[in-house]
Amino acid sequence: MKVCVIGAGYVGLVTAACLADMGNSVVCLDIDAERVTRLQHGESPIHEPGLAELMQRNAASGRLKFSTDAAMAVNHGTLIFIAVGTPPQEDGSADLMHVLAAARSVGQHMLDYKVVVNKSTVPVGTADRVREVVNQTLRERSTVLPFAVVSNPEFLKEGAAIDDFMRPDRVIVGAEDEQATLLMRALYAPFLRNRDRLMVMDIRSAELTKYVANAMLATRISFMNEMAGLAEGLGADIEQVRLGIGADARIGTHFLYAGCGWGGSCFPKDVRALRHMGEAQGLEMSMVQAAERINHTQRRLLAERVLARFGADLTGVVIGVWGLSFKPGTDDLREAPSLVIMDELLRHGATLQAFDPVAMPGVAALWPERPGLTLVPRPEDAAQGAHALLLVTEWREFRSPDFDALRECMATPIVFDGRNLYDPELLAQMGFEYQGIGRGTAPTTVALQQGELARAA
């Protein structure tokens, strides 16, 4: 099948590469000539495991091409995926400028029947607006051509996007055109050979499904973060609570991890957009607002604990930071808790030594000359001489460090575990002062005393 993907960003590249890998002929269109040139040379502009190799293999086979030629790309594909950015506006609503520009380009260049597929996360009613733009552009050309508009929201997790696309747990198709539905079924059939997980529904329901899914996941995390605060007050351990409730099949185990907040390109933007849609309908959206409010507080929690431990003036206090991206497996820094935490600590005079496996170039670009911040080449360099170590992103290489070496290289062995990776009792026995998220109320001085006894023994 011949496919055009408009937008060579995160969703567009994954969509184009995965569709090409199943034998489709795909042209990926973008207006950024520099980006397209890099892609034509086999360079991926984003960090996503397996994506660069997938792109290179399919480009070499001729199934995947990158171009800035809109007329060629639009007329190459019967199916045209719109996968451009929808950044939030000041009021929280999604900015559809790029989506509607893509629709206009389709209307300007199409010569026969097209299925326009909204892959971008767009507000309910966007398909109607895309249809209007294409129709208006065709009228300006004094041309009448058949086309259909379909909603096909993406459910890709950064760091696991290739596997999510290749082995989807569901494919949502919002369509009202029989021919478009048949084409979408044919396109996704190779991905669904074991079990048909394609769900056809009306377009507005498909558009809303993506927002509700992300808001539900974000709310689960915020709920657990609020419960973590309660656990600390009551002397309970939120990690044990998590295991207890996760064993209930009605609840399940996913997205129950308390931590230092959620971020990324999807949850914050989509939660705000969903709130805006509800408020436009006269709804208070109190649960969505609560999830946002809790996360706003949670992203500042580690910085507040450092200030509580060392005082408001952090001049001369060296703090190591492990993890900068908003989650493991990606270099994405959008709405990353690390940026909120580091900004607060730097404003109070701290000296930061930060390490991340892939996201440091992005931080350097955001903060090219930020006084007090040093990006270091190894995790141990971040801990060297530090008065405290902050675990912010749970990369695998942080899960089982050499704690003996870590304790010896730090000025004071204090760990603020923003992802509850470590065992509080083990770290106390090894001489660390430990603070997790919702791990009970044992005074940190007790942890130090236990560690001193263990070393004396």
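Because the structure is a prediction, the values reported are computed rather than measured.

Undergrad: Got a sec to walk through the environment of Glu 53? Specific residues and values, please.
TA: The topology assignment puts Glu 53 in helix H3 (residues 51-61). Here Glu 53 falls in the partly exposed class, since its relative accessible area comes to 48%. Counting along the chain gives 36 residues from Glu 53 to Ala 17, while the straight-line C-alpha distance between them is 9.6 Å.

Undergrad: Outline the pairing of strand S6 (residues 147-151), listing residues and values.
TA: Buried residues dominate S6, accounting for 5 of its 5 residues. In the sheet, strand S5 (residues 114-118) pairs with S6 via 5 bridges, with the strands oriented parallel. When the bridges of S6 are listed, Lys 114 appears paired with Phe 147. Crossover connection from S5 via helix H6 (residues 126-140) to parallel S6: handedness right-handed.

Undergrad: Tell me about the sheet that holds strand S14 (residues 433-435), and please be specific about residues and values.
TA: Working definition: the strands of a sheet are paired by backbone hydrogen bonds and lie parallel or antiparallel to each other. Across the sheet, 6 strands lie side by side as S11-S10-S9-S12-S13-S14; this open sheet has parallel pairing. In this open sheet, the two edge strands, each paired with only one partner strand, are strand S11 (373-375) and S14. Between one strand axis and the next, the sheet turns by 20° as a mean value, whatever way the strands run. As judged from the 3 bridges shared by strand S12 (residues 388-391) and strand S13 (residues 414-417), these two strands associate in the parallel manner. Of the residues in S13, the one forming a bridge with Leu 390 is Phe 416. Taken strand by strand, helix H14 (residues 337-347) contacts strand S9 (318-322), strand S10 (351-355), S11 and S12, and its axis lies near 155° from that of S10.

Undergrad: How would you sum up the packing of aromatic side chains? Please name residues and give values.
TA: Taken as a whole and assessed by the stated rule, the structure comprises 9 aromatic pairs. Both rings, one in Phe 255 and one in Phe 267, keep their centres 6.2 Å apart while their planes meet at 45°; by these two values the pair is tilted. Here Phe 267 lies in helix H11 (residues 267-280) and Phe 255 lies in the loop between helix H10 (238-246) and H11, a separation of 12 residues in the sequence. Judged by relative accessible area, which is 13%, Phe 267 ranks as buried. Ring centres of Phe 403 and Phe 432 lie 5.9 Å apart, and the angle between their planes is 75°; this geometry places the pair in the edge-to-face category. With Phe 403 in helix H17 (residues 403-409) and Phe 432 in the loop between helix H18 (424-429) and S14, this pair connects stretches of sequence that are 29 residues apart. With respect to burial, Phe 403 and Phe 432 carry one shared label: buried.

Criteria and cut-off values
- Residues numbered from 1 in each chain as written.
- Predicted model: local features only at pLDDT ≥ 70, side-chain atom pairs only at ≥ 80, totals over all residues.
- Heavy atoms only, no water.
- Helix = DSSP H or I, 4+ residues; strand = E, 2+ residues; numbered from the N terminus.
- Buried < 20%, exposed > 50% of the residue type's maximum accessible area, 1.4 Å probe, protein only.
- Pairing = 2+ DSSP bridges.
- Right-handed = clockwise from strand over helix to strand, strands pointing away.
- Axes fitted to C-alpha atoms, helices over the stretch in contact; angles between N-to-C directions.
- Contact = heavy atoms within 4.5 Å.
- Phe/Tyr/Trp six-rings, centres within 6.5 Å; stacked < 30°, edge-to-face > 60°.

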